[in-house]
Amino acid sequence: MKAIHKRDIAVDESESRVLLPRTRRRRRRLSSVERTLATIVWRTERAFYAEELARADGLLQHLDPRVKVCGLLLLLLDAALARNLPTIICVFAVALALALLSRVPLRTLAARAWLGAFLFTALIALPALFITPGRAAMRLPLLGWPLTEQGIQSALYLVARVETAVTLSLLLVLCTPWTHVLKALSSLGVPVVFVVILGMTYRYVFLLLQTAREMFESRQSRTVGALDGPTGRRLAAASAGVLLARTFQLSGEVYLAMQSRGFRGEVYTLDDFQMRRRDWLALAAFLLAAVALFWLGRRGFAPPSI
Amino acid sequence: MHIPDGYLSPETCAALYAAAAPFWYVALRRVRRMLNTRVVPTLSLFAALSFVIMMFNLPLPGGTTGHAIGVGIAAIILGPWASIITISVALLIQAVFFGDGGVTAFGANSLNMAVVGSLVASGVYRLLSARAPLGSTRRVVAAAVAGYAAINAAALCAGVEFGIQPRFFHDAAGAPLYAPYPLSVAVPAMLIGHLTLAGLAEMFITAGVVAYLQRTDSALLRLNTRATANSVEVARQSIWGAARPLWLALAALLILTPLGLLAAGTAWGEWGPQDFSDAQARARIASASGNQAPPAQAPAGLERLSHLWSAPMPDYAPPFLKSAAFGYLMSALFGAGLVILFFLLLGRLARAARGVG
């Protein structure tokens, strides 16, 4: 059987003939549809991986979710409040130790949090090295631009704080199933309506992601060559419109299903968390660490000059 | 636009949480009244939808691509209040679960994108589309402008939030502790990116969805127009009722205005001609301008034009008041009163023009 060449498919379609040479380039730029697909797949994979890791056998996984949420938030606050670099690095070290004890692979943290956050923040902080007013520490060899001490310090603050915060919030997600995070929120006083909306949203995010993926995949499989800009935009808007209409229909159906199961607007959650000795110990350790780091972070702090 | 943790000081974050809270409260109450027991499934599904739309990759003119937030669509289809809740929930899931935007900065992100974005989008859309038929091109244009304006308003808020950080939060040596750029850098940097690229993504998706729904499912476009008719009724019955927390928040902000006295020096670029001859003021201008000495004389144009208009309350303190803090408070009351009066008048004019009032 003669192998079908792409050129054979597209002989009569002038649009495709114009576009075909592009697809033959060795490194073709991804089309917007492919990029959207990649994002959707990446997000879904990431969420599934988190759910899997949350069932692993580690320190944080064994703790009561309420203790975990409180403890990690306190550490996050410490990192945000610290007014000197060593304290932020201490918080980062604590986060790192927690990750290792919870069997979160450092490679995962590096790939999912550190690298992206570093590149993004470093890019933002780069001009600050030069334009922050202060004492010049050194000059760039060729251009002669001064790097100020304050600028370097400020860039370090930003990068250290961002990396620490990203690590801590990733730890919470990687070591706690989402349902537990929600339950912890409701037992910590967040209004139940919000918690239920969050829970349902999370559940339907995956359904809609799947729907969107199927829509884009089917479109992609019917497309030869690349789409031009206006067509790509029309496609994105039309897909959003279709999803919107489906969502509306779905929300009606879900509501009817809920009603037929006796839903009358009130929401109850099953709260079966039990604080054990280990949890109390962990809570005490978190509190101790948080207070110590807070104290450390405020040392050497001078009020802003007025 | 999603502000991560570490860029804003905890104090700023707390203030922005507090600023967003009354909007969440009002929004939830309004939406509950409208949707009753439907509130949970409807809001959940639309929050999930906003989350998914935030992932759509849109090709932009010039070969780049961008992401939209979907706040324009949410505000137009669901109305501003439901949109505030759905976008906030989507942002929270993004922050907690996917690391887009910080946990401590969630209040700030919600205020910028969910609250300001929704209110601006819905206001602009209503203003421009007026009573145009559902299938008209005018509605598509209105949607485009609404999406574009909403994103840029949100970006402006984010820029201001970044820009005030170095002024208030720095260590003993003067190194900024959080976002390092002053207002003069942060605001243009945020706006240039959004006026050109991110704003276009939101513009295209908002207009595109409205145009698509006009062709296929115009009933969805009618949802909010009917809802607004109801809510306008409710609002007319009692201007105090549901908006009470907003009025209280406004009052709290007014009372806090003397905080402005804490700010050192003059805002960059807001100098008067006399500042150029005062040695202390000259030193402050120089230190705020990267150690560039200001010109010896006040610029001739500034000198000439500064006499054109003299404000009745120079520096927010009417001359007859001795206490600076009280003067600030009075100025705030006066200013806010003027703004409210202006909008009440505008509302009355608009109603008269439509022949409703």
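Residues numbered from 1 in each chain as written. Chains lettered and ligands numbered in written order. Predicted model: local features only at pLDDT ≥ 70, side-chain atom pairs only at ≥ 80, totals over all residues.

A. Molecular detail of the overall build of chain B. Looking only at helices and strands, chain B features 13 helices and two strands. When burial is assessed residue by residue, chain B has 45% of its 357 residues classed as buried. Long-range pairs, those at least 24 residues apart, make up 69% of the contacts in chain B with a sequence separation of at least 6. (Helix = DSSP H or I, 4+ residues; strand = E, 2+ residues; numbered from the N terminus. Buried ≥ 20, exposed ≤ 12 C-beta atoms within 10 Å, placed from the backbone. Contact = placed C-beta atoms within 7 Å.)

B. Region of interest: the overall build of chain A. Scanning chain A from terminus to terminus reveals twelve helices and two strands. Sequence-ordered secondary structure for chain A, helices as α and strands as β, is α-α-α-α-α-α-α-β-β-α-α-α-α-α. By the burial criterion, 37% of the 306 residues in chain A qualify as buried. If you take every contact in chain A between residues at least 6 apart in sequence, the share linking residues at least 24 apart comes to 76%.

C. Expanded view of the packing of helix α10 (residues 192–221) of chain A against helix α4 (residues 80–98) of chain B. At a minimum axis distance of 10 Å, the contact between α10(A) and α4(B) shows a crossing angle of 70°. In terms of orientation, α10(A) and α4(B) fall into the roughly perpendicular class. On α4(B), the residues touching A:Ile197, A:Leu198, A:Thr201, A:Tyr202 and A:Val205 of α10(A) are B:Val89, B:Leu92 and B:Ile93. Classifying every residue of the contact of α10(A) with α4(B) gives seven nonpolar, one polar and no charged. (Axes fitted to C-alpha atoms, helices over the stretch in contact; angles between N-to-C directions. Parallel < 35°, antiparallel > 145°, perpendicular 65-115°, else oblique. Nonpolar A, V, L, I, M, F, W, Y, C, P; charged D, E, K, R; others polar.)

D. Representation of the interface of chain B and chain A. Counting residues at the interface gives 65 residues for chain B and 74 residues for chain A. Elements with a contribution of two residues or more to the side of chain B that touches chain A: α2 (39–53), β1 (57–59), α3 (71–78), α4 and α8 (183–216) of chain B. No other element matches the 13 residues that α2(B) contributes to the side of chain B that touches chain A. Residue composition of the side of chain B that touches chain A, by class: 44 nonpolar, 17 polar and four charged.

E. Summary view of the domain arrangement of chain A. All names here are of chain A. Assigned domains within chain A: domain 1 (30–55 + 189–263) and domain 2 (56–176 + 272–294). When each unit is reduced to the centre of its C-alpha atoms, the spacing between domain 1 and domain 2 is 31 Å. The residue inventory of the side of domain 1 that touches domain 2, partitioned by class, reads three nonpolar, no polar and one charged. (Domains from an automatic or database assignment.)

F. Inspection of helix α5 (residues 85–101) of chain A at higher detail. All names here are of chain A. End to end, α5 covers 25 Å across 17 residues, agreeing with the expected 24 Å (1.5 Å per residue, within 8%). Inspection of α5 places Thr 87, Ile 88, Cys 90, Val 91, Val 94, Ala 95, Leu 98 and Ala 99 among the buried residues, and these make up the whole buried set. The inward-facing, buried residues of α5 abut α4 (65–81), α6 (106–125), α8 (149–175) and α12 (277–298). The first or second residue beyond α5 is Arg 103, which carries a positive phi of 60°. (Expected span 1.5 Å × (residues − 1).)

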